[in-house]
Amino acid sequence: MKKIAFFCIPAHGHTNPMLPVAAELVRRGNTVRFYSFNEFENKIKATGADFVSCDEFLGELTEKEEAGLKNVSTTEMTIQDIRITLNMDSFLDEEFKTFQPDVVYSDSVCFWGKLNAWKHNVPLVVSTSTFAFNQMASQYMKNSPKELADMIFGLPKISKALKTLEPYGYKVKNALSLVQSDNKTDSVVYTSERFQPYSESFSNHYAFVGPSVFSKVQPDKDKERPLIYISMGTVINDRPDFYAKCIEALKDENLDVIISCGNALDISVLGELPENIKVYPYVDQLDILSKADAFITHCGMNSVSESLYMATPMVLYPQTGEQQAVARRAKEIGAGVMLANDSVDEIRSAVLEILNNDSYAAGAKECSKDFRSCSGTVGAAEFIENAPHDSDGIDILDELNKSNGKIQIAYWTVVAFLIVLFGLLISWKYVWIIGISAGALLTPITKKILNKRYNSIVKKAKRE
């Protein structure tokens, strides 16, 4: 039996999938110590794990910092993770000396968990609450101009903060190395290989175990009329404007609606509710989804996974780049309709499209079978117990990186040749046009070539 240290950030979407894994590890006789925050204490203790409160290390936030976290600012979240790591340094040094964990199981964006595993030379397994993102899977993300600006202008601030970790024995190249998936780190991903974009590009260090849930309930859609469930998750859920549009769109339809809005919203602001619509701060989401015929969702990974686990097709309304990736994949497998906008007519049209076209329910049902065939929490527990793992076979990312280097050299050699040719035969005055054009075309051209190369390597790997 092993001693396993769990670490997670104070977020429901990251903590919830770790809970069934903790319960399974405890059931198997392991000692689990879960470093988390007071709002999750009861849930963690219910798994049989030892709860260790970390609230005192959060520190005070300015109004600007708090607003950044609420708006899911990558820069602000990174800065806060680094501050918490520093605040917890001496405490965790002592914890690692006394508890002496055999394995660390840390959320993918929980810096203090990952960094202390490396610092104390303890095998690390990463809990990945969304897709695993590497250079291939990241193509699914579509960041908004606001998100891109946040990342670009936040880089100097992040780099400065990372340097403060060095005197404490934490060695970090850059923020990307802390969050991006690589093929050498053991990782549990709560989805299937089929649903994970570019799953072939990930090594045997990855265990795709399917959704991590406590419920064993089977979908049951048998009822008098359709049920529509609406939720914007636990972070960006203060959206009275959107809920009001959903109510207006569906109030006169022959169906029932349940809205889960969180406790940040005063339900009274929605006014008098139509008879077929009910609004609650919280519901048993898996139970509702087991009966629902359509789910209007913000496309957080947990919500989409639970929806597909219960064979419920979705109206997709992503709010962040990460959620865009999840929504795109759900649409690709035929289990969802993407909202073109959040108008009343568009919401009504999307819901009716799902209810009147059986293909969406069929796509969700197929994914439900796939998810339920995965190894689940038992597979996750076994993977954690047996860490660290070895990986054999072709490292597709490594092969792609080699190809990318050759492509870059060949590309710029051709560009240089064209510049010289243009200058000699036409005019040196305007050769800058070729340089600018080449720079603009570099990304789309190399991306297309690398995707072809990727498919070629995958075919070769499957033959071997």
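The preceding data block contains the structure.
Since the structure is predicted, the reported quantities are computational estimates derived from the model, not experimental observations.

(A) Representation of the sheet that holds strand S7 (residues 206-208). Strand order in the open sheet formed by 7 strands is S3-S2-S1-S4-S5-S6-S7, with parallel pairing between adjacent strands. On the outer flanks of this sheet lie strand S3 (50-53) and S7, each paired with one strand and no other. Neighbour-to-neighbour, the strand axes of this sheet turn through a mean angle of 20 degrees, independent of strand direction. With 4 bridges connecting them, strand S2 (residues 31-36) and S3 associate as parallel partners. In the strand pairing of S3, Arg33 is matched with Asp50. Sitting on the sheet, helix H5 (residues 74-99) touches strand S1 (3-7), S2, S3 and strand S4 (103-107), and the angle it makes with S2 is about 175 degrees.

(B) Region of interest: the nonpolar core. With 47 residues, the main nonpolar core has Phe6, Phe7, Phe34, Tyr105, Trp112, Val188 and Ile384 as its most contacted residues. Here Phe34 is in contact with Phe6, Cys8, Thr15, Met18, Leu19, Ala22, Ile44, Ala49, Asp50, Phe51 and Val52, once residues within four sequence places are set aside. Of all hydrophobic cores here, the second largest spans 36 residues; its members include Tyr140, Val213, Ala292 and Ala327.

(C) Here's a closer look at the packing of H5 against helix H7 (residues 145-163). Where H5 contacts H7, the axes come no closer than 8 Å and their chain directions differ by 10 degrees. In terms of axis orientation, H5 runs roughly parallel to H7. Only Asp150, Met151, Gly154, Lys157, Ile158, Ala161 and Leu162 of H7 make contact with H5, whose side of the interface consists of Thr74, Thr75, Glu76, Thr78, Ile79 and Ile82.

Basis of the calculations
- Residues numbered from 1 in each chain as written.
- Predicted model: local features only at pLDDT ≥ 70, side-chain atom pairs only at ≥ 80, totals over all residues.
- Heavy atoms only, no water.
- Pairing = 2+ DSSP bridges.
- Helix = DSSP H or I, 4+ residues; strand = E, 2+ residues; numbered from the N terminus.
- Axes fitted to C-alpha atoms, helices over the stretch in contact; angles between N-to-C directions.
- Contact = heavy atoms within 4.5 Å.
- Core = buried A, V, L, I, M, F, W, Y, C linked by side-chain atoms within 4.5 Å.
- Buried < 20%, exposed > 50% of the residue type's maximum accessible area, 1.4 Å probe, protein only.
- Parallel < 35°, antiparallel > 145°, perpendicular 65-115°, else oblique.

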